[in-house]
Amino acid sequence: MLHELRIENLLLIECAELRFAGGLNAITGETGAGKTILAHSLDLLMGGKARPQIVRPGADEAYVEGVFALPEELLADPELAELRERLPADTDEIVLGRRIAASGRTSAFVQRRSASASDLRALGSRLLAFYGQHEHRRLVLSSAQLEILDGFAGAEQLERRGRYREAHAEVVALSRELAALGEREGARERDLDLFRFELAEIEAAVPDPDEERELEAERDRLRHAEGLRAAASAAAAAIAGAEDDLGGARGLLGGAEADLAAVDGVDASLDAITERVRAATLELDDAASALRSYLDGIEAEPGRLELVEERLHAVDRLKRKHGGSIEAVLSHGERCRAEIDRLENAEQLTGELERRLDQASRRRAGLAGELGEAREEAARKLSKRVAAELAELAMEGASVEVSLHPHPDGFGPNGSETVELRVATNPGIPASPLRDAASGGELSRIMLALTGLGPGAGMGTLVFDEIDAGIGGHTARAAAERLRRLGADRQVICITHLPQVASLAGAHFRIEKRAHAGQARARVDRVDGDELVAEIVRMLGAERNDEAASRHARELLAAA
């Protein structure tokens, strides 16, 4: 469902925000007021091309944004795996946006983050179906016609098709894996040598992040050994004097301790100070001992710096080769082991893949046969059903044939056949492909008859741009009723000029063109009450103060 549509600086519209309702939504206005701008804004959200000079004169850019409810099953689609990773896990809305610069350059957005027009096409085509006098993309595509047929066949057929798609995806994946294994066979020994060499190099080094940190600290210490040794030696002499002659700070502090010991027990407060002096003496003894040990350590292991440098250099070389970190090196080692195992067991793996491929192919073929049988049966019923629907829309005698043809590749993502709808608009006329058979008004009614015939034959939001062009009278009322029935379980947005359609809408938006400061601008408002009556009167071709037309408008609205 499309919750909101925001438009800025698109042709005549400076700023508009439409909040759509569920069910049937009508958009009306005088010819030339800008209704087609709304249609084009939706086309832009579906990844369509921007028309030349679409940006409002004087503006730097135009922007269109749509806020959609996020269907639960949408992100389960394997084709949207990459987009799924960009969305928060708990999101219940998805925002599509399109920006068009005055130069003609466009940019796309998903959740207000940069995306591509193909991303919008992938998402938009799953969120919204767009039908209009010049926009029949979904119905003339074979895949869309297949959706209609399978949806009409029922929920069991859609579930069966889902299982077929899984089997087909498995066949494709196994075929690719076998092909890749075959391509690698010629270079098998060369690849084995390379993987074994790289693994041996990694295993010989046994890199470890903790060891690397310790070695780097040791290297810094050894590089500054002279300065460290001089500082430690000077500090030891200052504390203990030269050659442990009890000179230095230790000797002075020892003398202080002896003087205080002579009066020990006389004054408790002085005794407390004596304890502190005694503790300081012990600390200096410990410090002197630690400094001597430190000096002995620096003097030990001649050549240790060279060994540490060599070890760090070996680890650093591996890091540069395999990803820049020890973790990446270890991960590459695991990949080498896996590739070695795979290549050493290539013959056995090939046999296993061939066995699994045969099983998946058999399963796919069985499901394809079931799909085809169900489609043949549904095709006959669909033809009769559409003929009845068209008769209600003043196309008595028109017929739709559903032709099934073998898939050019044997098997495709949706089965082993393609579907083509062929239309004969009058008795005695040969049926022709849908895209070639009908005039604009006829094709509009055929689209209306076909849309929503089954649980999978349409999506949550349907947009009709001038779908009612070329019809009137009883046919217009029948088309309006059909649109309202479609809106019973989904959202329908209809850009219309027929009062019969507008009177049945649950939400009504009027677009008006006005001149301001010598420039034409369009405004979009939701109307109800007296303003809605006035708009229906205008659509009836009467003046606002025409009492008969106003009565007729109220009757139309009351009859809804």
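Refer to the structure presented above.
The structure reproduced in this document is the subject of the present report.

Glancing now at the overall build of the chain. Within the chain one finds 20 helices and 15 strands. Split into buried and exposed, the 560 residues of the chain put 44% on the buried side. Restricting the contact set of the chain to residue pairs at least 6 apart, pairs at least 24 apart contribute 68%.

A separate point is unusual backbone geometry. A positive phi angle, near 50 degrees, is found at L11, a position not held by glycine. In the Ramachandran plot, Q53 falls in the positive-phi region, its phi being about 55 degrees despite a non-glycine side chain. By the element assignment, Q53 lies in the loop between α1 (35-45) and β4 (61-69).

Core analysis: the biggest nonpolar cluster contains 54 residues, and L382, V386, L390, F464 and L483 have the highest contact counts within it. Sort the elements by how many residues they give to this core and helix α17 (residues 473-486) lands first, with six residues. Residues in contact with L390, not counting those within four places in the same chain, are M395, E396, A398, V400, R445, I446 and A449. The next biggest cluster of nonpolar side chains, apart from the first, holds 47 residues, and it includes L38, M46, V55 and I495.

Spatially, β9-β10-β11 is the arrangement adopted by the three strands of the open sheet, whose pairing is antiparallel. Strands with a single pairing partner mark the edges of an open sheet, and in this sheet they are β9 (399-406) and β11 (432-433).

Within the structure shown, the criterion is met by one aromatic pair. Between F20 and F509 the ring centres are 5.2 Å apart and the planes differ by 65 degrees, which places this aromatic pair in the edge-to-face class. Taken together, the residues span a long stretch of sequence, with F20 in the loop between β2 (13-19) and β3 (23-28) and F509 in strand β14 (residues 507-516) at a distance of 489 residues. Of the two residues examined, F20 and F509, each falls in the buried class. In this arrangement the basic side chain of R364 is found over the ring face of F411, its NZ or CZ atom lying 4.1 Å from the centre.

Relative to the assigned elements, N25 resides in strand β3. Among the polar contacts listed, one links the side chain of N25 to the backbone oxygen of A21, at a separation of 2.8 Å. For N25, the residues in contact, after removing those within four places along its chain, are F20, Q491, V492, I493, C494, A505, A507 and F509.

Structurally, P430 can be placed in the loop between β10 (417-424) and β11. When sequence neighbours within four positions are dropped, the list of residues in contact with P430 reads V423 and A424.

Let us now look at the pattern of salt bridges. What the rule picks out here adds up to 35 salt bridges. Residues participating in the shared-partner salt-bridge network are E4, R6, E17, R19, E65 and R112.

Glancing now at the packing of helix α19 (residues 529-539) against helix α20 (residues 547-559). Relative to each other, α19 and α20 sit at 110 degrees, their axes nearing to 9 Å. Between α19 and α20, the interaxial angle falls into the category roughly perpendicular. Note on packing geometry: the crossing formed by α19 with α20 is right-handed. Contacts from D530, L532, V533, I536 and V537 of α19 reach α20 at A549, S550, A553, R554, L556 and L557. Residues that form the contact of α19 with α20 fall into these classes: eight nonpolar, one polar and two charged.

Turning our attention to the side chain of R510. Tracing the chain through its elements places R510 in strand β14. At 3.0 Å, the side chain of R510 forms a polar contact with the side chain of E531. Beyond its immediate chain neighbours, meaning those up to four positions away, R510 contacts T28, R523, V524, D525, V527, E531 and E535.

What follows covers the pairing of strand β13 (residues 491-495). β13 sits mainly inside the fold: five of its five residues count as buried. Neither face of β13 is open: one carries Q491, I493 and I495, the other V492 and C494, and all of them are buried. In terms of strand pairing, β3 meets β13 through five bridges, oriented parallel. Residue pairing in the sheet places L24 in a bridge with V492 of β13.

All right, on to helix α13 (residues 326-344) then. A rise of 1.5 Å per residue sets the reference length of α13, with its 19 residues, at 27 Å; its end C-alpha atoms lie 27 Å apart and thus fit the reference within 8%. Those residues of α13 not exposed but buried are I326, A328, V329, H332, G333, C336, I340 and L343. Buried residues of α13, viewed axially, fall in a sector of 145 degrees; they line one side.

Turning our attention to the environment of A374. Relative to the helices and strands, A374 is located in helix α14 (residues 346-392). Look at A374 and you get buried, because its relative accessible area is 19%. C-alpha separation for the pair A374 and D150, spaced 224 residues apart in sequence, amounts to 8.5 Å.

Assignment of secondary structure puts S361 in helix α14. Looking at S361, the relative accessible area reads 25%, which means it is partly exposed. When the C-alpha positions of S361 and V172 are compared, they lie 9.5 Å apart, and in sequence the two are 189 residues distant. Among the polar contacts listed, one links the side chain of S361 to the backbone oxygen of L357, at a separation of 2.8 Å.

So, how was this worked out
- Residues numbered from 1 in each chain as written.
- Predicted model: local features only at pLDDT ≥ 70, side-chain atom pairs only at ≥ 80, totals over all residues.
- Heavy atoms only, no water.
- Helix = DSSP H or I, 4+ residues; strand = E, 2+ residues; numbered from the N terminus.
- Buried < 20%, exposed > 50% of the residue type's maximum accessible area, 1.4 Å probe, protein only.
- Contact = heavy atoms within 4.5 Å.
- Core = buried A, V, L, I, M, F, W, Y, C linked by side-chain atoms within 4.5 Å.
- Pairing = 2+ DSSP bridges.
- Phe/Tyr/Trp six-rings, centres within 6.5 Å; stacked < 30°, edge-to-face > 60°.
- Lys NZ or Arg CZ within 6 Å of the ring centre and 35° of its normal.
- Polar contact = N/O pair within 3.5 Å; in protein donor to acceptor, adjacent residues only side chain to side chain.
- Salt bridge = Lys/Arg side-chain N within 4 Å of Asp/Glu carboxyl O.
- Axes fitted to C-alpha atoms, helices over the stretch in contact; angles between N-to-C directions.
- Parallel < 35°, antiparallel > 145°, perpendicular 65-115°, else oblique.
- Left-handed = near helix turned anticlockwise from the far one by under 90°.
- Nonpolar A, V, L, I, M, F, W, Y, C, P; charged D, E, K, R; others polar.
- Expected span 1.5 Å × (residues − 1).
- Arc of directions from axis to C-beta.

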